[in-house]
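Chain and residue survey
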Amino acid sequence: MPYKMSHEDYQCQIDLVKSRNTALKLTFEQAEQIFKYEHKGIHSEKHYLSSWEEWDYEFTSYKKILTEEQFLLFEHNHQEQIEYHRQQLIEQDKENLREIEYYNETIKYYEEQFLPGFFKDPLLFPFLLLSSDRAKVDYLKAEYNKYLHDSKKQILINHFREYRTYKPNGLEVSLLRHKLSYLWPNYSFFKSQMDEPTKAMAEYLKLKLASFQENYDELIIEKLQSLKVFCEENFAKYHTKSYGGWHTVIISKITPEEEREERIMSHLLLDREKYEW
């Protein structure tokens, strides 16, 4: 019996379980086991089950509780729920076709206009001043490359856990969105995943670059402003509401200092050869 629940309340809960499963004609003991299964839970702050895993867990639990005849009825309803969910995912995935177009057009702009124009301007690459710290820069870029690949794996794992093969368009959207971070580094997300040695290296390089940043920060802002204009126009083209931003919709606000850090460190991580997709 759950902690601090009176006998009357407990009896009421068991009756509710039986009433929700009238067709199964549960005994008191079976209803009691189902009640415990429902309230024991398997989720925690660190772990959770996907919808498919929830159904598998439910299937396994009910099979232990019900008789063979009862389980046949349960299994029929169980499969109907799963099929309904599957059809919903397939239907929802159609909405992602427009998002695919949106991200493909964004990526094309990066690859064909923004980055070529950015790389042509020698004033934007004063990092030869960091020649004595080349090994540290290479280390940070190698860690960013690992972050990109780990994030891509996580996208794949989470997608197939949640949607199996029923939302292929949704998977393509997630991967296209992630690909933008290969073209223009997303420093803030990378920073949130850094280990302590990488954080220390990034902080060292940030401070080293601070004295140089004054000389070319306005030029970077000007280049990014043209990118922002394109992103806002492109977003409005494919969506009903625009929130602005660079290559994704940015809703959270950051301080001027954080924005400055994002500019300089994303710029530092930028790779002419592009990170391997």
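Residues numbered from 1 in each chain as written. Predicted model: local features only at pLDDT ≥ 70, side-chain atom pairs only at ≥ 80, totals over all residues. Heavy atoms only, no water.

Some remarks on the overall build of the protein chain
Quick reminder of the rule: Secondary structure elements follow DSSP: runs of H or I no shorter than four residues count as helices, runs of E no shorter than two count as strands, and numbering proceeds from the N terminus. Just to be clear, the radius of gyration here is over C-alpha atoms, and the globule rule we use is 2.2 Å times residues to the power 0.38. The classification of residues rests on relative accessible area computed with a 1.4 Å probe and restricted to protein chains. Under 20% of the type maximum is buried, over 50% is exposed, and intermediate values are partly exposed.
Of regular secondary structure, the protein chain possesses 10 helices and zero strands. Starting at the N terminus and ending at the C terminus, the protein chain contains elements arranged as α-α-α-α-α-α-α-α-α-α. For 277 residues, the compact-globule formula gives about 19 Å, and the C-alpha radius of gyration of the protein chain, at 27 Å, lies well above that figure. A principal-axis box enclosing the C-alpha atoms of the protein chain has dimensions of 80 × 40 × 30 Å. The proportion of buried residues among the 277 residues of the protein chain is 39%.

Considering helix H3 (residues 51–65)
An α-helix turns once every 3.6 residues. As a result, residues three or four positions apart point the same way. Which entries qualify depends on this criterion: Here the expected length of a helix is defined as 1.5 Å per residue gap, with one fewer gap than residues. For this analysis, residues touch if any pair of their heavy atoms sits within 4.5 Å.
Taking 1.5 Å as the rise per residue, H3 with 15 residues should run 21 Å; its terminal C-alpha atoms sit 21 Å apart, in good agreement. The set of residues buried in H3 consists of Trp52, Trp55, Glu58, Ser61, Tyr62 and Ile65. Residues of H3 that are buried make contact with helix H2 (28–40), helix H4 (68–93) and helix H6 (134–163).

Examining the environment of isoleucine 107
By the element assignment, isoleucine 107 lies in helix H5 (residues 96–120). Residue isoleucine 107 is classed as buried on the basis of its relative accessible area of 5%. Sequence separation between isoleucine 107 and leucine 205 is 98 residues, and the spatial gap between their C-alpha atoms is 29 Å. Among residues more than four places away in sequence, those in contact with isoleucine 107 are Leu176, Lys179, Leu180 and Leu183.

Focus on the nonpolar core
Here is a general trend for soluble globular proteins: nonpolar side chains tend to be buried in one another's company. Let me state the cut-off plainly: Put simply, buried Ala, Val, Leu, Ile, Met, Phe, Trp, Tyr and Cys residues joined by side-chain atoms within 4.5 Å make one nonpolar core.
Counting residues in each nonpolar core, the largest one holds 46 residues, and the members touching the most others are Phe114, Leu140, Trp184, Phe190, Met265 and Leu268. Among the elements of the structure, H5, H6, helix H7 (168–183), helix H8 (187–193), helix H9 (196–238) and helix H10 (256–269) are those that each provide at least two residues to this core. If you tally residues by element for this core, the top one is H9, at 13 residues. In this view, leucine 140 contacts Phe190, Met194, Thr198, Ala202, Leu205, Met265, Leu268 and Leu269; residues no more than four positions away in its chain are not counted. Core analysis: the second largest hydrophobic core is formed by 14 residues, Val17, Tyr37, Tyr62 and Phe71 among them.

A few points about the environment of aspartate 9
Along the chain, aspartate 9 falls in helix H1 (residues 7–20). Along the primary structure aspartate 9 and serine 226 are separated by 217 residues, whereas in three dimensions their C-alpha atoms are 64 Å apart.

Details of the packing of aromatic side chains
We apply this condition: In this scheme Phe, Tyr and Trp rings, the latter by its six-membered ring, pair at centre separations within 6.5 Å, and the angle between planes marks the pair as stacked below 30 degrees, edge-to-face above 60, and tilted otherwise.
For the coordinates displayed, the defined rule picks out 22 aromatic pairs. Taking the centre distance of 5.7 Å and the plane angle of 80 degrees together, the rings of tyrosine 102 and phenylalanine 235 count as edge-to-face. In this pair, tyrosine 102 sits in helix H5 while phenylalanine 235 sits in helix H9, placing the two residues 133 residues apart along the sequence. For the ring pair tyrosine 187 and phenylalanine 190, a centre distance of 6.4 Å and an interplane angle of 75 degrees mean the geometry is edge-to-face. Pair noted here: tyrosine 187 and phenylalanine 190 are both in helix H8, with a separation of three residues, about one helical turn. With respect to class, tyrosine 187 is no different from phenylalanine 190; both count as buried.

Here we look at H10
Helix length check: H10, at 14 residues, gives a terminal C-alpha distance of 20 Å against a target of 20 Å (1.5 Å per residue), a fit within 8%. In this structure, the buried side of H10 is in contact with H5, H6, H8 and H9.

Quick look at the confidence of the model for the protein chain
When pLDDT is low, close inspection of the predicted coordinates is not appropriate. Stated precisely, the cut-off is as follows: For every residue, the pLDDT score states the predictor's confidence, bounded by 0 at the bottom and 100 at the top.
Scored by pLDDT, the protein chain comes out at a mean of 90, with 93% of its residues at no less than 70. Taken element by element, the protein chain is modelled with least confidence in H9, mean pLDDT 90, and with most confidence in H7, mean pLDDT 98.

Examining the packing of H5 against H7
Basically, it comes down to this: To obtain an axis, a line is fitted to C-alpha atoms, over the contacting stretch when the element is a helix, and the angle between two such axes runs from 0 to 180 degrees between their N-to-C directions. Geometric relationships in this document are graded by angle, where less than 35 degrees denotes roughly parallel, more than 145 denotes roughly antiparallel, 65 to 115 denotes roughly perpendicular, and other angles denote oblique. Should the near helix be turned counterclockwise from the far one by less than a right angle, the crossing is left-handed, whereas a clockwise turn marks it as right-handed. Polar here means any residue outside two lists: the nonpolar Ala, Val, Leu, Ile, Met, Phe, Trp, Tyr, Cys and Pro, and the charged Asp, Glu, Lys and Arg; Gly therefore counts as polar.
Where H5 contacts H7, the axes come no closer than 9 Å and their chain directions differ by 20 degrees. Judged on the interaxial angle alone, H7 and H5 are roughly parallel. Every pair of crossing elements has a handedness; the one defined by H5 and H7 is left-handed. Taking contact as the criterion, the partners of Asn96, Leu97, Glu99, Ile100, Tyr103, Asn104, Thr106, Ile107, Tyr110, Glu111 and Leu115 in H5 are, on H7, Asn169, Gly170, Glu172, Val173, Leu176, Arg177, Lys179, Leu180 and Leu183. Its residues assigned to classes, the contact of H5 with H7 shows 10 nonpolar, five polar and five charged.

Some remarks on the packing of H5 against H9
One way to put it is that H5 packs onto H9 with a least axis distance of 10 Å and a crossing angle of 160 degrees. By the criterion of interaxial angle, the relationship of H5 to H9 is roughly antiparallel. Two packed elements cross with a definite hand, and for H5 against H9 that hand is right-handed. Contact residues: Arg98, Glu101, Tyr102, Glu105, Thr106, Tyr109, Tyr110, Phe114, Gly117 and Phe118 in H5; Lys223, Leu224, Ser226, Leu227, Phe230, Asn234, Phe235, Lys237 and Tyr238 in H9. Residues belonging to the contact of H5 with H9 are distributed by class as follows: 10 nonpolar, four polar and five charged.

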